[in-house]
Amino acid sequence: MTDDLLALKAETDAALAAATDLRAWDAIRVAILGRSGRLTGLLRDLGKTAPEQRRERGAALNQLKDALTVAIDARKVALEDAALDARLAGERIDVTLPPRPRVPGLIHPIARTMEEIVAIFGAMGCTLSDGPDVESDWFNFGALNIPAHHPARADHDTFYLPAQDGKPPPVLRTHTSPVQIRTMLTQPPPIRTIVIGRTYRADHDATHSPMFHQCEGLIIDRGMTLGHLKGCLIDFLRTFFDIANLPVRFRSSYFPFTEPSMEVDIGWNRRTGELGKGGDWLEILGSGMVHPRVLANCGIDPREWQGFAWGMGVERVTMLKHGMADLRPFYESDLRWLRHYGFNPLAPTMLHEGV
Ligand code: DAH
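Quick notes on the rules
Residues numbered from 1 in each chain as written. Predicted model: local features only at pLDDT ≥ 70, side-chain atom pairs only at ≥ 80, totals over all residues. Heavy atoms only, no water. Near = heavy atom within 4 Å. Polar contact = N/O pair within 3.5 Å; in protein donor to acceptor, adjacent residues only side chain to side chain. Areas by Shrake-Rupley, 256 points an atom, 1.4 Å probe, with all protein chains shown as cover. Helix = DSSP H or I, 4+ residues; strand = E, 2+ residues; numbered from the N terminus. Nonpolar A, V, L, I, M, F, W, Y, C, P; charged D, E, K, R; others polar. Buried < 20%, exposed > 50% of the residue type's maximum accessible area, 1.4 Å probe, protein only. Pairing = 2+ DSSP bridges. Disulfide = S-S within 2.5 Å. Phe/Tyr/Trp six-rings, centres within 6.5 Å; stacked < 30°, edge-to-face > 60°. Lys NZ or Arg CZ within 6 Å of the ring centre and 35° of its normal. Core = buried A, V, L, I, M, F, W, Y, C linked by side-chain atoms within 4.5 Å.

**Student:** Summarise the site of the ligand; cite the residues concerned and give the values.
**Tutor:** What surrounds the ligand is a group of 15 residues, the closest being His175, Gln180, Arg201, Gln214 and Glu216. Within the contact set of the ligand, a nitrogen atom lies 2.9 Å away from a side-chain nitrogen or oxygen of His175. Here a nitrogen atom of the ligand and a side-chain polar atom of Ser177 are 3.0 Å apart. Compared with its free state, where it exposes 350 Å², the ligand has 90% of that area covered by protein. The set of elements that each furnish at least two residues to the shell around the ligand consists of strand E5 (211–221), strand E8 (280–290) and strand E9 (306–313). Grouping the constituent residues of the shell around the ligand by class yields 4 nonpolar, 9 polar and 2 charged.

**Student:** Requested: an account of the pairing of E8, with residues and values cited.
**Tutor:** Of all 11 residues in E8, 8 are buried, a share of seventy percent or more. In terms of strand pairing, strand E7 (residues 258–268) meets E8 through 9 bridges, oriented antiparallel. Bridge pairing in E8 places Val264 opposite Leu285. Relative to E9, E8 is paired through 5 bridges, and the arrangement is antiparallel. Note on E9: the bridge partner recorded for Leu285 is Met312.

**Student:** Summarise the state of the cysteines; cite the residues concerned and give the values.
**Tutor:** Taken as a whole, this structure holds 0 disulfides when the rule is applied. Summary of cysteine pairing: Cys232 is not part of a disulfide, and the nearest cysteine sulfur, belonging to Cys126, is at 6.4 Å.

**Student:** Mind laying out the packing of aromatic side chains, listing which residues take part and the relevant values?
**Tutor:** Under the counting rule described, the total for this entry stands at 9 aromatic pairs. Geometrically, the ring pair formed by Phe121 and Trp310 is tilted, given 4.9 Å between the ring centres and 35° between the ring planes. Of the two residues, Phe121 sits in helix H5 (residues 109–123) while Trp310 sits in strand E9, which places them 189 residues apart along the sequence. Relative accessible area serves as the criterion here: at 2%, Trp310 is assigned to the buried category. Arg112 extends its terminal NZ or CZ atom over the ring of Phe343, reaching a point 4.4 Å from the ring centre.

**Student:** So what's going on with the nonpolar core? Residues and values would help.
**Tutor:** Ile117, Leu237, Phe241, Ile266, Ile284 and Trp310 are the most contacted members of the largest nonpolar core, which has 41 residues in total. Here this core gets 6 residues from one element, more than from any other, and that element is helix H8 (residues 226–240). Ranked by size, the runner-up nonpolar core spans 20 residues in total, among them Ala152, Val171, Ile300 and Ala309.

Right under this line is the structure:
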């Protein structure tokens, strides 16, 4: 190779070594091999070379072209490797680091309400009881004084499962009340317990979901009266909604498993949705004194033991407490909604505030 070609090779090598990114690399490639590049120009000038030197010059230029192409390609690979290494280093996560104090995850509002309910009734001495989602007709209805063809069954929009062995079809439990029966059958009185769990009804709109959650309570002891029921539920509602003077009203009602039965309303402003004042009433839960026949169904003597019970929708009280109009987003796992309504697990909660 002649001196001018050797110089071009050396110059290009130096420029490539100095190029630290693909953009600089591409500028060099174009300046050498592009249509107006220096090597392209030299090849074009070959025609002007004296015929006796042309062959030798042509061979040298081809050799130079091969060498430059190899050097340029090799530099591209090196730069791409370096870029990938830098990106991987930048994205590396040290999984051994402790979580940042800023919210590693959020508590779903339904879970939060459940925690609060457990904390409040727990402080009153209640245990937590549980039962299956698939229930027999007897536990879901019969033992609760709702025999077949009882009109109250029509209120429940029940999901029935296939019948077996000639027995009535099992159901997806329509309420948590069957756990009252299970608890009384397995535990001698006195009983103070709550149940929180999934319940199912064939109903779906902005305020109803085919799967929802209920909280049930059951207190059985000697000498229980309506006064105990009222005191317990008023205390719960005022603590849960965090409104010391929340108006609470007990309204006569009917449930087959309680006698007398009462629906419980809280005071609110229907127009603004604000709880605690406004002169309107909003129904919030069902309750009553456990029906003597239900006690007897569980082998408990109603002359010795009395009790009261209540049932409440977990979604409903969550929506009221936090001003949510629609129940469907609870189950949609939309991160934007969860970030807005979720609770910081590291922030102090009611559990720590000495309920
Ligand atoms: N089980 C009833 C329902 O789902 C709610 C209920 C009412 C539960 C009164 C009770 C009660 O324990 O005493 O509509």
